[in-house]
Amino acid sequence: MFQTLLPRDARAFRILVQWAFFAWIIYLGVRFWFFVRHFESGGATAYMSRPPGIEGFLPIGALISLKHWVTNGIVDHVHPAALVLFLTFVAMAFWARKSFCSWLCPVGTLSEGCWKLGERIFGRNFQIWRPLDIALRGLKYALLAFFAKIILIDMPAQAIGGFLRAPYWAISDVKMLHFFTNMSLTVMVVLVGLAGISLLYRNFWCRYLCPYGALLGLVSLCSPMAVRRDTEACIGCSKCTRACPSRIDVEKKSTVINVECTGCLSCVSSCPTEALSMKPPFYRRFLPSWSFAALVLALFFGGVGFGMLTGHWQTSLEYQDYMRLVPMARMVGY
């Protein structure tokens, strides 16, 4: 299938992958809701097994788990999939730029859907004044620095072990579900506000506020994969720059090395002369877009598969643990 994917079809294939993954996330969320409901009802409702993939919504806990693994040499067994997914997304950033953001991230998918809808409604998307845009982009790095400081620097190894053994961490996924199913008025207003702003400005959350994307962007600077421009084939039509949702001047670069590049291939798909391709530095010829798509999917499924094969996917918590912990989730704090 990949071999029949022409460069112009790369963007359409990415969108297909995006929304297929989004639908899978919704399925996991619904399945997890039935799982939690079973224990909240004291076993009166139908039981459905817990999907480990929902631990992808625990990035801060995954960062704590990473430090626990590095400093104490112990892989957390309560939410091991959180660490596996975190490391998988970081590996994707290293080998395939910020591809998680544009290919798999459900927030990125919704954000892209918003600005495309806004483009249809208003006939265009708006741009923030360049100096203000640069200043606002610093917000996500400030948030990243904050989390890195309180977890990687300030949090002692003993405190990490205590956190990962606490009831709060055991049911942090349940509390995350409650965040979505029992939103406060404040949260709803904030989310509606972000959605409204995202109608006007492309990827507002991703560009200015997402610390996860900030981390992946920094890692992606080391990636061997980059959009490279054949200056002889380029006709200077500027279609690549106009197509870039990250506002990168692709037409002026021989190699796109930028923390905002998500590997979405929009610029590659828009090029009429095959002057652009995503490839490593040692490859001189044009490289079809299906190869990058294959790399992204191979990295993701490879990371998840490795976690499964090594026994770092399923939680160590058992049925009776959840029967005891889930009913008290709303009262548990840390």
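Here, every reference points to the structure presented above.
Remember, it's a predicted structure, so these values are computed and weren't measured experimentally.

Draft legend 1. Examining the overall build of the protein more closely. Helix and strand counts for the protein come out as 16 helices and three strands. Expected size for 334 residues packed as a compact globule is a radius of gyration near 20 Å; at 21 Å, the protein falls within 12% of this value. Judged by the C-alpha coordinates and their principal axes, the protein covers about 65 × 40 × 40 Å. Out of the 334 residues in the protein, the part that is buried amounts to 46%. Taking contacts inside the protein between residues at least 6 apart in sequence as the whole, the part at least 24 apart equals 79%. Total accessible area computed for the protein in this model is approximately 16,700 Å², and 68% of it derives from carbon and sulfur atoms.

Draft legend 2. Inspection of the sheet that holds strand β3 (residues 276-279) at higher detail. The antiparallel open sheet is built from three strands, whose spatial order is β2-β1-β3. The outermost strands of the open sheet, each flanked by one partner alone, are β2 (255-256) and β3. Bridge count between strand β1 (residues 226-229) and β2: two bridges; the pairing is antiparallel. Looking at the pairing, Val227 lines up with Val256 of β2.

Draft legend 3. Structural context of helix α2 (residues 59-72). Look at α2: 19 Å from first C-alpha to last across 14 residues, which is about the 20 Å you get at 1.5 Å a residue. All buried positions along α2 are accounted for by Gly61, Ala62, Leu63, Ile64, Ser65, Leu66, Lys67 and His68. Against the buried residues of α2 lie α3 (80-96), α6 (130-153), α7 (157-165) and α8 (167-170). Positioned one or two residues after α2, Gly73 has a phi angle of 70 degrees, which is positive.

Draft legend 4. Spatial organisation of the packing of aromatic side chains. Tallying each qualifying case throughout the model produces 28 aromatic pairs. Ring geometry for Phe35 versus Phe39: centroids 4.9 Å apart, planes at 65 degrees, classification edge-to-face. Here Phe39 and Phe35 lie together in helix α1 (residues 10-40), a separation of four residues that amounts to about one turn. Exposure remark for Phe39: the relative accessible area of 1% places this residue in the buried category. Note on Phe146 and Phe147: the rings are 5.4 Å apart at their centroids and 65 degrees apart in plane angle, and the pair reads as edge-to-face. On the accessibility criterion, Phe146 (47% relative accessible area) is partly exposed. Using a relative accessible area of 23% as the deciding quantity, one classes Phe147 as partly exposed. Sitting over the face of the ring of Trp115, Arg202 holds its NZ or CZ atom 4.3 Å from the ring centroid.

Draft legend 5. Structural view of the pairing of β3. Both faces of β3 are covered, namely the face carrying Leu276 and Met278 and the face carrying Ser277 and Lys279. Two elements, β1 and β3, share four bridges in a ladder whose sense is antiparallel. Across the sheet, Arg228 pairs through a bridge with Ser277, a residue of β3.

Draft legend 6. Layout of the nonpolar core. Trp103, Leu104, Val250, Leu276, Phe292 and Phe300 are the most contacted members of the largest nonpolar core, which has 74 residues in total. With near-sequence residues (within four places) excluded, Leu276 lies in contact with Val227, Arg228, Arg229, Cys240, Val250, Cys267, Val268, Cys271 and Phe286.

Draft legend 7. Quick peek at the packing of α1 against helix α9 (residues 172-181). Closest axis-to-axis distance for the α1/α9 pair is 11 Å, and the angle between their directions is 105 degrees. Taken together, the axis directions place α1 and α9 in an arrangement best described as roughly perpendicular. Contact with α1, carried on its side by Phe32, Trp33, Val36 and Glu40, involves Asp173, Val174, Leu177, His178 and Thr181 of α9 and no other residues of that element. Partitioned by chemical class, the residues of the contact of α1 with α9 number five nonpolar, two polar and two charged.

Draft legend 8. Representation of α1 within the structure. Taking 1.5 Å as the rise per residue, α1 with 31 residues should run 45 Å; its terminal C-alpha atoms sit 45 Å apart, in good agreement. Directly after α1, the chain includes Gly42, whose backbone phi takes a positive value near 70 degrees.

Draft legend 9. Examining empty space enclosed by the protein more closely. Overall, the coordinates contain three cavities of 30 Å³ or more when judged by the stated rule. Estimates place the volume of the largest cavity at around 110 Å³. Lining the largest cavity are 15 residues; nearest its centre among them are Val227, Cys244, Cys261, Cys264 and Cys267. In the lining of the largest cavity, the residues fall into ten nonpolar, four polar and one charged. Looking at the second largest cavity, the residues that line it are Arg229, Cys234, Ile235, Gly236, Cys237, Ser238, Cys240, Cys271, Pro272, Thr273, Ala275 and Leu276. Of the residues in the lining of the second largest cavity, the class split is eight nonpolar, three polar and one charged.

Procedures and definitions
Each chain has its residues counted from 1, running along the sequence as written. Totals for whole chains, interfaces and linings use every residue, but because this is a predicted model, local features are given only for residues with pLDDT of at least 70 and side-chain atom pairs only at 80 or more, for both listing and counting. The side-chain quantities take in all heavy atoms of the structure and omit both hydrogens and water. Strands here mean DSSP runs of E at least two residues long; helices mean DSSP runs of H or I at least four residues long; both are numbered from the N terminus. Between the two quantities, the radius of gyration covers C-alpha atoms and the globule rule is 2.2 Å times the number of residues to the power 0.38. Type-normalised accessible area, obtained with a 1.4 Å probe on protein chains alone, sets the label of each residue: buried when under 20%, exposed when over 50%, and partly exposed for intermediate values. Only heavy atoms matter for contacts: two residues are in contact if any of them lie within 4.5 Å across the pair. Using a 1.4 Å probe, accessible areas were evaluated by the Shrake-Rupley method; residue-level cover was limited to the displayed protein chains. Think of it this way: DSSP has to see at least two bridges between two strands before they count as a pair. In a helix, the anticipated span is given by 1.5 Å times the number of residues less one. Two aromatic rings from Phe, Tyr or Trp, using only the six-membered ring of Trp, form a pair when their centres are within 6.5 Å; if the ring planes differ by under 30 degrees the pair is stacked, by over 60 it is edge-to-face, and anything between is tilted. Placement of a positive charge over a ring is assigned whenever Lys NZ or Arg CZ falls within 6 Å of the ring centre and within 35 degrees of the normal to the ring plane. Think of a nonpolar core as a cluster: buried Ala, Val, Leu, Ile, Met, Phe, Trp, Tyr and Cys residues, connected wherever their side-chain atoms sit within 4.5 Å. Structural elements are reduced to axes, namely lines fitted to C-alpha atoms, with helices fitted over the stretch in contact, and the angle between N-to-C directions of any two is expressed from 0 to 180 degrees. Any angle that falls under 35 degrees is termed roughly parallel, while one over 145 is termed roughly antiparallel, one within 65 to 115 roughly perpendicular, and all others oblique. Residues are grouped as follows: nonpolar covers Ala, Val, Leu, Ile, Met, Phe, Trp, Tyr, Cys and Pro; charged covers Asp, Glu, Lys and Arg; every other residue, Gly included, is treated as polar. Within this scheme a cavity is a closed region of a 1 Å grid, computed over the protein atoms alone, that accommodates a 1.4 Å probe without allowing it to escape, whereas a pocket is open but has protein on both sides within 12 Å along at least five of seven lines; lining residues each have an atom within 4 Å of a point. Grid points are joined across faces, edges and corners, and a volume is the space filled by probe spheres set on the points.

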